[in-house]
Amino acid sequence: RDYGCCDDEFCDKTMAPEYHGYIPASKNSVPYAAQLLSSGPNSTMRGRFYVSDGKTVLTGVAFKLASNGNPGDLLVRFGSSEGSDDLGEARISGKDVYPQVDLWYEAALSKPIRLDPKKLYFFEITVASGQVPGDGYTVFGPKPLGGEDDASHFGLSFRTLTRKDE
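Residues numbered from 1 in each chain as written. Predicted model: local features only at pLDDT ≥ 70, side-chain atom pairs only at ≥ 80, totals over all residues. Heavy atoms only, no water.

1. Digging into the overall build of the protein
Stated precisely, the cut-off is as follows: Only DSSP runs of H or I covering at least 4 residues are called helices, and only runs of E covering at least 2 are called strands; the numbering of each starts at the N terminus. Note on contacts: a residue pair is in contact if any heavy atoms of the two residues lie within 4.5 Å. Here the accessible surface of atoms and residues is derived via Shrake-Rupley with a 1.4 Å probe, and residues count as covered only by protein chains that are part of the display.
For the protein, the helix and strand inventory stands at one helix and 10 strands. Here the contacts in the protein between residues at least 6 apart in sequence split such that 76% fall between residues at least 24 apart. Counting every atom, the protein has about 9800 Å² of accessible surface; 47% of that belongs to carbon and sulfur.

2. A look at the side chain of Ser38
Heads up, the rule is: Only protein chains enter the accessibility calculation, which uses a 1.4 Å probe. A residue is then buried if its area is under 20% of the maximum for its type, exposed if over 50%, and partly exposed in between. Throughout this description, a polar contact denotes any pair of N or O atoms lying within 3.5 Å of each other; where both atoms belong to protein, one of them has to be capable of donating a hydrogen while the other can accept it, and for residues adjacent in sequence the pair is counted only when both atoms sit in side chains.
Inspection of the secondary structure assignment puts Ser38 in strand β2 (residues 32-38). For Ser38, a relative accessible area of 10% corresponds to the buried category. Reaching out from Ser38, the side chain makes a polar contact with the backbone nitrogen of Gly40 at a distance of 3.2 Å. Those residues in contact with Ser38 that sit more than four places away from it in its chain are Ser43, Val127, Val132, Asp135 and Gly136.

3. Examining the pairing of strand β8 (residues 121-127)
The test is simple: A pair of strands is treated as paired once DSSP finds two or more bridges between them.
Extensive coverage of β8 is indicated by the burial of seven of its seven residues. Where burial is concerned, the two faces of β8 agree: the one with Tyr121, Phe123, Ile125 and Val127 and the one with Phe122, Glu124 and Thr126 are both buried. Here strand β3 (residues 45-49) runs beside β8; their pairing, made up of five bridges, is antiparallel. Across the sheet, residue Arg48 finds its bridge partner in β8, namely Phe122. Across six bridges, the pairing between strand β5 (residues 74-79) and β8 is antiparallel. If you follow Gly79 over to β8, its bridge partner there is Phe122.

4. Quick notes on empty space enclosed by the protein
Formally: Buried and open spaces are told apart on a 1 Å grid over the protein atoms alone, a cavity being a set of points where a 1.4 Å probe fits but cannot get out and a pocket being an open set with protein on both sides within 12 Å along at least five of seven lines. Residues with an atom within 4 Å of a point are the lining residues. Grid points are joined across faces, edges and corners, and a volume is the space filled by probe spheres set on the points. Residue polarity follows a fixed list, in which Ala, Val, Leu, Ile, Met, Phe, Trp, Tyr, Cys and Pro are nonpolar, Asp, Glu, Lys and Arg are charged, and the others, Gly among them, are polar.
Within the structure shown, the criterion is met by one cavity of 30 Å³ or more. The space that makes up the largest cavity amounts to roughly 40 Å³. Contributing to the lining of the largest cavity are Arg46, Arg77, Phe78, Gly79, Ser81, Glu82, Gly83, Ser84, Phe122, Phe123 and Glu124. Of all the elements in the fold, those that place two or more residues in the lining of the largest cavity are β5 and β8. Classifying every residue of the lining of the largest cavity gives three nonpolar, four polar and four charged.

No statement about biological role is implied by the geometric values presented.
Quick look at the structure:
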């Protein structure tokens, strides 16, 4: 389960309307789930994405994060198949991520890449370094139906960053 959105208004009004106050009966509860990502050997999060017909050049991806302790950079690998990194790699510097505050951070590719909008693509995120379990990132995602989900099915929030092909 992935929750990638290409448009803030679509996400706000369609995917999570109760979070943004578009439903009158909204409760003021925490609208998201969180999962710790550390530099441990089995600590990886994965997702899938596509690009639209109008914006086929992938420039990066953004995640909703907060830092814990003193983590290394957040590494993002992009692939044409699950687990591969044939499309490139991006980073978010650990020094740039604030602790305890869920903000959006962009991981930009050094060389944007044109993708086929008819295909599905993959990414995985890991932490470059840090002491396990204290150093890492809290990764945020929408709260699943029923309010809880196990770590292996965590649906992290992300935004694909794209532009028109020139």
